[in-house]
Amino acid sequence: MAGSEEQNADIESSLKGWFSDAERVVVAGVGNPFRRDDFVGVEIVRNLQNKVSGSVFLIEAETVPESFMDQITKFKPTHILLIDAGVMNQKPGTSKLADPTQLMRKTSISTHTLPLRIFCDYLTETTAAKIALLVIQPQDPSFGEGLTPKLRETATNLTKLLLKILP
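Residues numbered from 1 in each chain as written. Predicted model: local features only at pLDDT ≥ 70, side-chain atom pairs only at ≥ 80, totals over all residues. Heavy atoms only, no water.

Draft legend 1. Fine view of the pattern of salt bridges. This model, assessed by the stated rule, comprises 8 salt bridges. Put simply, Lys-164 and Glu-12 hold a salt bridge, and the shortest N to O gap is 3.3 Å. You can see Lys-164 sitting in helix H6 (residues 149-165) and its partner Glu-12 sitting in helix H1 (residues 2-19), a full 152 residues away along the chain. Take Lys-164: its relative accessible area is 60%, and that puts it in the exposed class. (Salt bridge = Lys/Arg side-chain N within 4 Å of Asp/Glu carboxyl O. Helix = DSSP H or I, 4+ residues; strand = E, 2+ residues; numbered from the N terminus. Buried < 20%, exposed > 50% of the residue type's maximum accessible area, 1.4 Å probe, protein only.)

Draft legend 2. Structural detail: the sheet that holds strand E3 (residues 79-85). One open sheet accounts for 5 strands, arranged E2-E1-E3-E5-E4; its pairing is mixed. Each edge of the sheet is formed by a strand with only one pairing partner; in this case those strands are strand E2 (56-62) and strand E4 (95-98). Put simply, the sheet's adjacent strands are angled 20 degrees from each other on average, direction ignored. As defined by bridge partners, E3 adjoins strand E5 (residues 130-136) across 7 bridges and the pair is classed as parallel. Bridge assignment links Leu-81 to a residue of E5, and that residue is Ala-132. Together, strand E1 (25-30), E3 and E5 form the strand contacts of helix H5 (residues 116-126), whose direction differs from that of E3 by roughly 175 degrees. (Pairing = 2+ DSSP bridges. Axes fitted to C-alpha atoms, helices over the stretch in contact; angles between N-to-C directions. Contact = heavy atoms within 4.5 Å.)

Draft legend 3. Geometry of the packing of aromatic side chains. This structure, assessed with the given rule, holds 2 aromatic pairs. Their ring planes at 75 degrees and their centres at 4.9 Å tell us that Trp-18 and Phe-19 sit as a pair that is edge-to-face. Here Trp-18 and Phe-19 have matching classes, each one buried. Geometry around Phe-75 places Arg-24 over its ring, the cationic atom sitting 4.0 Å from the centre. Its guanidinium or amino end placed over the ring of Phe-143, Arg-35 lies 4.6 Å from that ring's centre, counting from NZ or CZ. (Phe/Tyr/Trp six-rings, centres within 6.5 Å; stacked < 30°, edge-to-face > 60°. Lys NZ or Arg CZ within 6 Å of the ring centre and 35° of its normal.)

Structural data, given as structure tokens:
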């Protein structure tokens, strides 16, 4: 239990620091609805719907975040947070805030049409926004629908945390 609380404090500290100067934020949930825990990012965005200010643009990107590039660019964000499941060889539900350019070399699975690294590179060139990836260790990314109980709990906890931090 202490490890879980410590991990929660670490992610809260990381997110607070990263969002400290945020004015206009895009939060995009990425994941495949037919790959169980891979959908956790979209689930968090759904949980945030109708609970955030107008300075936050929520996107249920699923497996095609590139389809939203134009909308993101027009929103003129200061910060872009992508939320996605990723294999980090950690306990299920472990969350980490990462620079997408560093993480892409370490992540071993992807369910996205366009690699997130290319998506992030494009947004870096077309916006002046800070970009980060909130990656969550899945428990079960196999074919099927619905998050495992552990990832549902993680999604709920991260939603509450984001609601406290977002501008």
